[in-house]
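Chain by chain, the residues:
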Amino acid sequence: MSDAESFYDAVGGADTFHRLVAAFYRGVAADPELRPMYPEEDLGPAEVRFRMFLEQYWGGPRTYSDERGHPRLRMRHMPFAVTPSARDRWLGHMRAALDEIALTPDRDEEIWRYMVMAAHSMVNTDEPNYPGAIDVSGN
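Small disclaimer: the values here were computed from a predicted structure and weren't measured.

Cut-offs and rules
- Residues numbered from 1 in each chain as written.
- Predicted model: local features only at pLDDT ≥ 70, side-chain atom pairs only at ≥ 80, totals over all residues.
- Heavy atoms only, no water.
- Helix = DSSP H or I, 4+ residues; strand = E, 2+ residues; numbered from the N terminus.
- Buried < 20%, exposed > 50% of the residue type's maximum accessible area, 1.4 Å probe, protein only.
- Contact = heavy atoms within 4.5 Å.
- Salt bridge = Lys/Arg side-chain N within 4 Å of Asp/Glu carboxyl O.
- Phe/Tyr/Trp six-rings, centres within 6.5 Å; stacked < 30°, edge-to-face > 60°.
- Lys NZ or Arg CZ within 6 Å of the ring centre and 35° of its normal.
- Axes fitted to C-alpha atoms, helices over the stretch in contact; angles between N-to-C directions.
- Parallel < 35°, antiparallel > 145°, perpendicular 65-115°, else oblique.
- Left-handed = near helix turned anticlockwise from the far one by under 90°.
- Nonpolar A, V, L, I, M, F, W, Y, C, P; charged D, E, K, R; others polar.

Participant: What is the right way to read the overall build of the protein chain from this model?
Facilitator: Scanning the protein chain from N- to C-terminus turns up 7 helices and 0 strands. Sequence-ordered secondary structure for the protein chain, helices as α and strands as β, is α-α-α-α-α-α-α. Evaluated residue by residue, the protein chain yields a buried proportion of 40% over its 139 residues. The long-range share in the protein chain, meaning contacts at least 24 apart out of those at least 6 apart in sequence, stands at 69%.

Participant: I would appreciate a short explanation of the pattern of salt bridges in the present structure.
Facilitator: In a structure, side chains of opposite charge can pair up when their charged atoms sit close to one another. Per the counting criterion, the structure on display carries 10 salt bridges. The partner of glutamate 100 in a salt bridge is arginine 26, and the shortest N-O contact between them spans 2.5 Å. Residue glutamate 100 is located in helix α6 (residues 84–101), and its partner arginine 26 is located in helix α2 (residues 14–29); the two are separated by 74 residues in the primary sequence. Between arginine 87 and aspartate 88 there is a salt bridge, and its shortest N-O distance comes to 2.9 Å. Since its relative accessible area comes to 33%, aspartate 88 is described here as partly exposed. Salt bridges here are not isolated pairs; linked through shared partners, they connect Asp31, Glu33 and Arg89.

Participant: Could you clarify how one ought to interpret the packing of aromatic side chains in this entry?
Facilitator: Here a ring pair, both rings aromatic, is described through the centre-centre distance and the interplanar angle of the planes. Applying the stated criterion across every chain yields a total of 13 aromatic pairs. Seen in terms of ring centroids, tryptophan 58 and tyrosine 114 are 5.7 Å apart; in terms of plane orientation they differ by 90°. Their pairing is edge-to-face. Here tryptophan 58, found in the loop between α3 (44–57) and α4 (63–68), pairs with tyrosine 114, found in helix α7 (residues 105–122); they are 56 residues apart in sequence, far enough to count as distant. Residue tryptophan 58 shares its accessibility class with tyrosine 114, and that shared class is buried. Residue placement shows arginine 95 over the ring face of tryptophan 112; its charged tip is 4.9 Å from the ring centre.

Participant: It is not clear to me how the packing of α6 against α7 should be interpreted in this structure. Could you clarify?
Facilitator: In a pair of packed helices, the angle between the axes and the distance between the axes together describe the arrangement. Running from N to C, α6 and α7 cross one another at 165°; their axes reach a closest spacing of 10 Å. As the angle between them shows, α6 and α7 are arranged roughly antiparallel. Crossing handedness for the pair α6 and α7: right-handed. In this structure, α6 contributes Arg87, Trp90, Leu91, Met94, Arg95 and Leu98 to the contact, and α7 contributes Asp108, Ile111, Trp112, Met115, Val116, Ala119 and His120. Taken together, the residues of the contact of α6 with α7 break down into 9 nonpolar, 1 polar and 3 charged.

Participant: Looking at this model, I keep getting lost on the environment of threonine 104. Mind explaining?
Facilitator: By the secondary structure assignment, threonine 104 is in the loop between α6 and α7. For the pair threonine 104 and valine 11, spaced 93 residues apart in the sequence, the C-alpha separation amounts to 8.3 Å.

Participant: Looking at this structure, how should I read the environment of aspartate 31?
Facilitator: One can find aspartate 31 in the loop between α2 and α3. With a relative accessible area of 4%, aspartate 31 lands in the buried category. Residues aspartate 31 and histidine 93, 62 residues apart in the sequence, show an inter-C-alpha distance of 9.1 Å. If near-sequence neighbours (up to four positions away) are discounted, aspartate 31 is found in contact with Pro36, Arg89 and His93.

Here it is in structure tokens:
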């Protein structure tokens, strides 16, 4: 990748991000825990928003900000109970989508690190029975 070439361009641009997000939403559509977090009947609008966000983040067109303003990811996810198990399910679908599109190992690792960090930062609801949860009740 040259200094001027973005990650977006290096991985194949719009086609790659279309394939990634389509594969991800195929998993989400069939997931009984995640699907209710997408209130629209059709996942199409959510898929477009997520694709535009990722394209912009990784150096592609700035369509997301042009149409929606600042991403404000935590604020946009606040209406939904994003639990540790929902995060893990989300990451499972993203991992499967990344495996499906088969980026080079270094590009896969770069985008996967971002997805893990972002998913962890979206958790906004405790889940007392989640494995590894800390008991703060004192019992």
